[in-house]
Amino acid sequence: MNQFSIAIHGGAGTILKEDMTAELEQAYIKGLQEAVTAGYAVLEEGGSAVNAVKASIVVLEDNLLFNAGRGSVFTKKGLQEMDAAIMDGKDLSAGSVAGIRNVRNPIELATEVMLHSNHVFLSGKGANDFAIKQGIKLEPDEYFFSQFRYDQWKEIRDSDNYSLDHTHKGVEELMKDKKFGTVGAVACDMHGNIAGATSTGGMTNKKYGRIGDSPLIGAGTYANNKTCAISCTGHGEPFICAVAAHDVSCLMEYKGMSLQDAMYEVVKVKLVKMDGEGGMIGVDAKGNVSMIFNSAGMYRGMRNSKGENKIGIYND
Ligand code: ASP
């Protein structure tokens, strides 16, 4: 039996202990632990890596604290438009959705795209039509609303700025005090198959149908049994230009690098040169896990069949 493992993230950015209350910190730790536990339970029962990452992401999407599903950020027009992707490293099949509304769990829809459409990437109204056809659960706008995100959006909605996640500060501070709240999961199951998934509301005050790296296969999400499964979080634009997730896979495949070294090269060297603030989580088909970020913090957690079980927030 292969070593099995799951890793998750709930976003990266300027996450500092001094900005956190004890209650909020506990709420984040609880939310992260619940997501790790949900994914690990699937793996422990012999379930697939795909089902494990989906289970973890659903828990994070349902949690108001994270910028995905319920609690997603608001666009310039005051709407919540979500993106998600999932990839199966066993056969390189993938499903993505972008700019979708009112879908309770965007990762469920991305999985439906992967399994039951003849396509990889659906967007906007078409993706919503597909959700209805497949019987995916929808919710009214109120379900996704959080006062916290709404207040955050109100502070910058009259400007041309967009922000990278939760804070109550003014525009200038918003732009320098960046936080990201996207969620992601990667897993390796007991059969040695790996998968990766990411889900996000994107960036506060985004406009013109802006889409980040999260739903883009190869940029924010990637999985290949030969190399690694990766889920990214951070400032989407540089991650797209760096084709960040796939670059880790390439460094492993063509240069023979380990998961840890390849992720270090992309996050701590290449992305830094491109002002690409953020991080990523990864697994390989032996069940090794790595979680690396170049920002002040990253909400993260992991558990494996060797008995390791860790939750982290800050750079420690
Ligand atoms: N990468 C996401 C995006 O650019 C944001 C995030 O990770 O929080 O849409």
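Residues numbered from 1 in each chain as written. Predicted model: local features only at pLDDT ≥ 70, side-chain atom pairs only at ≥ 80, totals over all residues. Heavy atoms only, no water.

### A word on helix H4 (residues 124–133)
A turn of α-helix holds 3.6 residues, and therefore any two residues three or four places apart point the same way.
At step 1: Buried residues of H4: Ala127, Asn128, Phe130 and Ala131, and no others. Buried residues in H4, looked at end-on, bunch into an arc of 155 degrees, giving them a common side. Of the exposed residues in H4, the ones pointing more than 90 degrees away from its buried face are Lys125, Ile132 and Lys133.
At step 2: Where H4 is buried, its residues contact strand S3 (93–100), helix H3 (106–116) and strand S4 (121–123).
At step 3: After H4 finishes, the residue Gly135 shows a positive phi value of roughly 75 degrees. (Buried < 20%, exposed > 50% of the residue type's maximum accessible area, 1.4 Å probe, protein only. Helix = DSSP H or I, 4+ residues; strand = E, 2+ residues; numbered from the N terminus. Arc of directions from axis to C-beta. Contact = heavy atoms within 4.5 Å.)

### Here's the deal with the environment of Lys30
At step 1: Mapped onto the fold, Lys30 is located in helix H1 (residues 22–44).
At step 2: Classification of Lys30 as exposed rests on a relative accessible area of 54%.
At step 3: C-alpha separation for the pair Lys30 and Ile311, spaced 281 residues apart in sequence, amounts to 9.4 Å.

### Re the environment of Lys306
At step 1: With respect to the helices, strands and loops of the structure, Lys306 is situated in the loop between strand S11 (297–304) and strand S12 (309–314).
At step 2: For the pair Lys306 and Phe130, spaced 176 residues apart in sequence, the C-alpha to C-alpha distance is 41 Å.

### Some points on the sheet that holds strand S9 (residues 278–283)
At step 1: The antiparallel open sheet is built from four strands, whose spatial order is S7-S8-S9-S10. In this open sheet, the two edge strands, each paired with only one partner strand, are strand S7 (221–223) and strand S10 (289–293). The average undirected angle you get between the axes of adjacent strands in this sheet is 10 degrees.
At step 2: Bridge count for S7 against strand S8 (residues 229–234) is three bridges, and the pairing is antiparallel. Note on S8: the bridge partner recorded for Thr221 is Ser231.
At step 3: The strands touched by helix H10 (residues 259–273) within the sheet are S8, S9 and S10, with S10 carrying the most contacts at an inclination of about 15 degrees. (Pairing = 2+ DSSP bridges. Axes fitted to C-alpha atoms, helices over the stretch in contact; angles between N-to-C directions.)

### A few points about the pattern of salt bridges
At step 1: Applying the stated criterion across every chain, the model contains 12 salt bridges.
At step 2: The residue Glu237 makes a salt bridge to Arg210 at a minimum N-O spacing of 2.9 Å. In this pair, Glu237 is assigned in helix H8 (residues 236–241) and Arg210 in the loop between strand S6 (194–200) and S7, connecting sequence segments 27 residues apart.
At step 3: Note on Glu237: relative accessible area 28%, which makes it partly exposed. (Salt bridge = Lys/Arg side-chain N within 4 Å of Asp/Glu carboxyl O.)

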